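# Examining the three-dimensional arrangement
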Amino acid sequence: MKQIAQYQGKLLNHLEALYRPGERDLAIELAEALGCAISDTGFKGDGVDTFLAVHPNPDDRNGQNNVFYMSQVRPEQLALEDRLRRLSADSDFAADLDAYREAARTKPFGVPHFSLRYPSGQAVEEVAERINGGLKQKLQERLHLRIFRPGDGDAAVGNLIQGFLYQDVIVSGSFLMGQLIELQTQP
Ligand SMILES: [Fe+2]
């Protein structure tokens, strides 16, 4: 298989994601359940810990391309998230948040997400088994995996298995709003 470094054109090269304080190991566990390999970049920047590189293709651990990074959320975002969480005690806010989360779990196609490509539907089913095993027991309501299979009435693409994982362990945005990760196969 060609390595990503051999591709010379422009591409979407990385995504910056975060985990909560104390959840570095959990983020690693989830990324590995997704079938990714992790390497430590050794880069700390302004963070408290090093950035981890997550490689969707374990056979090609290019540190700059086809990768997403994970590091601990910064204090500025944590302060904002804490403030929003306190506000969410308000019943109108809570209702809106519940509605958003329900949409993310059930109607993911218009909800912000990033997507990982898998070689087959079987590979997506294997991820589902890992996610729905020990991780689901550990994370419970923080983890929702919806698999669209051929023949499902609301599937976007009729002949593909497509998964949407909604969770708040690894986010490239708000922990409060959570992060959808798509698991996509291609014909
Ligand atoms: Fe998508």
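This is a predicted model, so every value here is computed, not measured.

## Some remarks on the overall build of the protein chain
- A tally of regular secondary structure across the protein chain gives four helices and eight strands.
- In terms of overall dimensions, the protein chain is globule-like: its C-alpha atoms have a radius of gyration of 17 Å, near the 16 Å expected for 187 residues.
- With respect to the principal axes defined by its C-alpha atoms, the protein chain has extents near 55 × 45 × 35 Å.
- The burial tally for the protein chain puts 41% of its 187 residues in the buried class.

## Focus: the side chain of Asp 168
- Mapped onto the elements, Asp 168 comes out in the loop between strand E7 (162-167) and strand E8 (179-185).
- Within polar-contact distance, the side chain of Asp 168 engages the side chain of Arg 20 at 3.4 Å.
- Side-chain polar atoms of Asp 168 contact the side chain of Arg 142, separated by 2.7 Å.
- Among residues more than four places away in sequence, those in contact with Asp 168 are Arg 20, Arg 142, Phe 175 and Gly 178.

## Some words on the coordination of the iron ion
- Looking at the metal site, the iron ion is ligated by His 113 (NE2) and Glu 182 (OE), spaced 2.0 to 2.2 Å from it. In this pair, His 113 is assigned in strand E5 (residues 113-118) and Glu 182 in strand E8, connecting sequence segments 69 residues apart.
- Take Glu 182: its relative accessible area is 5%, and that puts it in the buried class.

## What to know about the sheet that holds strand E3 (residues 52-55)
- Pairing is mixed in the open sheet, where four strands are placed in the order E1-E4-E3-E2. Each of the sheet's edge strands pairs with one partner strand only, and the pair in question is strand E1 (14-19) and strand E2 (37-40). Averaged over all pairs of adjacent strands, the angle between their axes in this sheet comes to 30 degrees, without regard to strand direction.
- The pairing of E3 with strand E4 (residues 67-72) spans three bridges and is antiparallel. In the strand pairing of E4, Val 54 is matched with Phe 68.
- Lying over the sheet, helix H1 (residues 24-33) contacts E1, E2, E3 and E4, oriented at roughly 140 degrees with respect to E2.

## Things to note about the nonpolar core
- Judged by nonpolar contacts, the single largest core of 33 residues is most densely connected at Leu 34, Met 70, Ile 131 and Ile 170.
- Elements represented by at least two residues in this core include exactly E1, H1, E3, E4, E5, helix H4 (121-139), strand E6 (143-148) and E8.
- Looking at this core, you find at least three residues from each of domain 1 (4-72) and domain 2 (75-185).
- Contact partners of Ile 170, with chain neighbours within four places excluded, come to Ala 17, Leu 18, Ala 27, Leu 30, Ala 31, Phe 68, Met 70 and Gln 179.
- Formed by six residues, the second largest nonpolar core is a distinct cluster that contains Val 111, Phe 164, Tyr 166 and Leu 180.

## Some points on the domain arrangement of the protein chain
- The domain boundaries assigned to the protein chain delineate domain 1 (4-72) and domain 2 (75-185).
- Placing a centre on the C-alpha atoms of domain 1 and another on those of domain 2 gives a separation of 19 Å.
- Counting residues at the interface gives 21 residues for domain 1 and 24 residues for domain 2.
- Taking both sides of the interface into account, the surface hidden between domain 1 and domain 2 amounts to around 1800 Å²; carbon and sulfur atoms contribute 69%.
- On the domain 1 side of the contact with domain 2, Arg 20, Leu 30 and Leu 34 bury the most area, a combined 36% of that side's loss.
- In this structure, the connection of domain 1 to domain 2 is made through three salt bridges.
- The residue Glu 23 makes a salt bridge to Arg 142 at a minimum N-O spacing of 2.9 Å.
- Our count for the contact surface shared by domain 1 and domain 2 stands at seven residue pairs in polar contact (both at pLDDT 80 or more).
- Those elements that place two or more of their residues in the side of domain 1 that touches domain 2 are E1, H1 and E4.
- Within the side of domain 1 that touches domain 2, the residues separate by chemical class into 15 nonpolar, one polar and five charged.

The rules behind each value
- Residues numbered from 1 in each chain as written.
- Predicted model: local features only at pLDDT ≥ 70, side-chain atom pairs only at ≥ 80, totals over all residues.
- Heavy atoms only, no water.
- Helix = DSSP H or I, 4+ residues; strand = E, 2+ residues; numbered from the N terminus.
- Rg over C-alpha atoms; globule rule 2.2 N^0.38 Å.
- Buried < 20%, exposed > 50% of the residue type's maximum accessible area, 1.4 Å probe, protein only.
- Polar contact = N/O pair within 3.5 Å; in protein donor to acceptor, adjacent residues only side chain to side chain.
- Contact = heavy atoms within 4.5 Å.
- Donors = N, O, S within 2.8 Å, 3.2 Å for Na, K, Ca; no water.
- Pairing = 2+ DSSP bridges.
- Axes fitted to C-alpha atoms, helices over the stretch in contact; angles between N-to-C directions.
- Core = buried A, V, L, I, M, F, W, Y, C linked by side-chain atoms within 4.5 Å.
- Domains from an automatic or database assignment.
- Buried area = accessible area lost by both parts, 1.4 Å probe.
- Salt bridge = Lys/Arg side-chain N within 4 Å of Asp/Glu carboxyl O.
- Nonpolar A, V, L, I, M, F, W, Y, C, P; charged D, E, K, R; others polar.

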